[in-house]
Amino acid sequence: MRRGLKISFALAAVLGLQGARAADPVDYTVTFKPSGDKVLDNLLKQTSALVALQKKLRPAPFALIGRAQADDKQFLIVLHSLGYDSGKVAISIDGRPYDDAGLLDALASAPAGAVAPVVVTPHEGPVYHLGKVDFGALPPGFVPPPTIKPGDVALAAPVLDATGALRSALHNAGYAFATVSAPLAIADGATDTLDVSFTVDPGPRVDIGPIAFSGLTRTDPDFLRRHIKLRPGQPFSDRALAEARDSLLGLGVFSSVTPVPATAQAPPGQVPIIFQVAEQKRHAVTLGGAYATDTGITVSASWEDRNLLRHAETLTVSIAASDIGGNAKNTAPGYDLKAVFAKPDYYSRGQTLTLTAEGLKESLTAYSRTAALLNGAVIRPLTPHLTATYGIGLITESVDQEGVTRRYVLAQIPLSLAYDSTDSLLEPTHGARVNLALTPTQSISGGARTFLLAQVSGSTYLPVEHDARGLLALRALVGSIQGASQFQVPPDQRFYGGGSGTVRGFTYQTVGPLFPDDNPQGGAAIDAATIEFRQHVTKSIGVVPFIDAGQVSAGSKPFTGTVRVGVGIGARYYTGIGPIRLDIAVPVNKAPGSGGFALYIGLGEAF
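In this text, all values refer to a predicted model and were calculated from it rather than measured experimentally.

## Quick notes on the pairing of strand β18 (residues 368-381)
Logical step 1: Summarising the sheet, strand β17 (residues 352-363) and β18 pair through 12 bridges and their orientation is antiparallel. Note on β18: the bridge partner recorded for Leu360 is Ala371.
Logical step 2: Counting the residues in the hairpin turn of β17 and β18 gives four residues.
Logical step 3: Two strands pair when backbone bridges link them, and β18 and strand β19 (residues 386-401) are joined in this way by 14 bridges, in the antiparallel orientation.

## Comments concerning unusual backbone geometry
Logical step 1: Of note, the bond from Ala266 into Pro267 is cis; its omega dihedral lies within 30 degrees of zero at 0 degrees.
Logical step 2: Following the sequence through the fold, Pro267 ends up in the loop between β11 (254-261) and β12 (270-279).
Logical step 3: The phi dihedral of Asp323 falls on the positive side, at around 55 degrees, and the residue is not glycine.
Logical step 4: Topologically, Asp323 is positioned in strand β15 (residues 314-324).
Logical step 5: A residue is classified by how much of its surface remains accessible, and Asp323, at 8% relative accessible area, is buried.
Logical step 6: Positive phi, close to 55 degrees, is recorded for Glu402, a residue that is not glycine.
Logical step 7: Residue position: Glu402 is located in the loop between β19 and β20 (404-412).

## A short note on a nonpolar patch on the surface
Logical step 1: A contiguous nonpolar patch, built from Leu382, Tyr390, Ile392, Ile413, Leu415, Leu417, Tyr419, Val434, Leu436, Leu438 and Val456 and spanning about 910 Å² of accessible area, is present on the exposed surface.
Logical step 2: For the nonpolar patch, the elements supplying multiple residues, two or more each, are β19, β21 (415-420) and β22 (431-445).
Logical step 3: Within the element layout of this structure, Leu436 appears in strand β22.
Logical step 4: For Leu436, a relative accessible area of 40% gives the class partly exposed.

Cut-off values and rules
- Residue positions are given per chain, counting from 1 as you read along its sequence in written order.
- The predicted origin of the model limits local features to residues at a pLDDT of at least 70 and limits the giving and counting of side-chain atom pairs to 80 or more, whereas totals for whole chains, interfaces and linings rest on all residues.
- Side-chain calculation: all heavy atoms of the structure are included, whereas hydrogens and water are not.
- Pairing between two strands is assigned when DSSP locates at least 2 bridges connecting them.
- Only runs of H or I of at least four residues qualify as helices and only runs of E of at least two qualify as strands under DSSP, and these elements are numbered from the N terminus.
- For every residue, the accessible area (1.4 Å probe, protein chains only) is compared with the maximum for its type, and the residue is labelled buried under 20%, exposed over 50%, or partly exposed between those bounds.
- Patch definition: residues with relative accessible area over 30% and no salt bridge; like charges joined within 9 Å; nonpolar side chains (Val, Leu, Ile, Met, Phe, Trp, Tyr) joined within 5 Å.
- Accessible areas in this description were obtained via Shrake-Rupley with a 1.4 Å probe; residue shielding takes into account the shown protein chains only.
- A carboxyl oxygen of Asp or Glu within 4 Å of a side-chain nitrogen of Lys or Arg is what we treat as a salt bridge.

In short, geometric facts, not functional conclusions.
Spelled out as structure tokens, the structure:
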């Protein structure tokens, strides 16, 4: 109050006696004396109005003093937040304390062009530690979360965070109506300690009550009740509500889901829950495209029904035109027509049934193919990161290789186990992906032998800079065909190397054994590896140097072919839906039929 009176009297005097001159702008400099605590010094500068407004607006003398007064209050908050509860910061202007009664008159009387030096001097004092920590009246048997304890440095953030942590712990223990007050802190200058206490009202311990949904326009609410793990009668828990929310969002039907507990018990001992949802538009159209110098342009379009039968089933119909304008040998435009039906919670919560019908035509460097495919698969999550897939497939096709056309009918039982701990589909920054796939294949007609396709692939992402601005990405692949030799397997079922999926810089399918006319044979084994360094240059631009290496073998043993190596560099433009990728690569040891370089454009990282 005393400071405010001094400034008010001085301001009135100057306004009354020198009104015009008091409004003249003042130029000033700001100097911060070091305290010895770099964190404190940086925070003082970052929160200073004197610094923030210095180059934006030249102040009148009274406005300059007002900035110093605002900083004085802010600096006390900074000191207390770092445990300096008895500290203070001195601010002087032109050699006088900012609250000096004669300062305003001195600034108003300064000659034109004068620069007023502002000096900020921290006097932080001793670091306070927590003394007593009282969590209030807690329910019998309830153990508070390990947040703050006596002896900790009295930092403001952990003390304030303890309020939410305690409230959340009570809610997760069944006390849905628990309230926790903001902490009351009392400093003791004699012992340099800060006593902290909370006022807690736990309320009754309750269970989950009736579950309802609001905002539904098409989806069956009974299906949603079966889908979530939440059940009436189980102990109330914020964590359980969050898991149910995430599970509903995972169906792909809703754009938002918010669980809202009732504010009163009904019936006694239970809390009704209403999930407020917003359904996405039922239908969606997606357009896609990619380009590579070897395989040319690929364009695609799909139509999706996100809730076909009111139980979150999806039906996706897509069409793609591929191999348009590529420079790979023997290639010609092709098409791919596909329909995929997916039914979630198929006989078991979390388990999904997919049915696929596909017709395609492709003319590649190694072979030409026209085929119809039918597949049914069950996708079953085993853990949050591990998923098993099993099913059955039927292929009928006509394949031409080296002027010889054969018709095949194949039955397959694809089995796979996939692990994924990454944080993003299109731009992962940490974690790993591993996929093991086994596909027993029985030839029904066409002369092929019974064989097993076995393949394991993986990738991992290792940040080497803060916020993953620099990232090392690694990829590896090993595959083998067992039970049949190279030419006892249909050409489209063999392994091929080259292109964005294995060794960039080499034309697709040209890595591996070749016929006398340099057309690819396809092999019975493959291995490949990639090293990329993904570097953000700006928020929107990145560069990616990379090295790919791989080989395809005629026999079933990996690591026995001719190793091909490609090197290159990529550019990335980061968008809200993922990075736009442009990679250019050249072969180190060129293979027959491969070009001198290759360019790849697409959405998302290469892996």
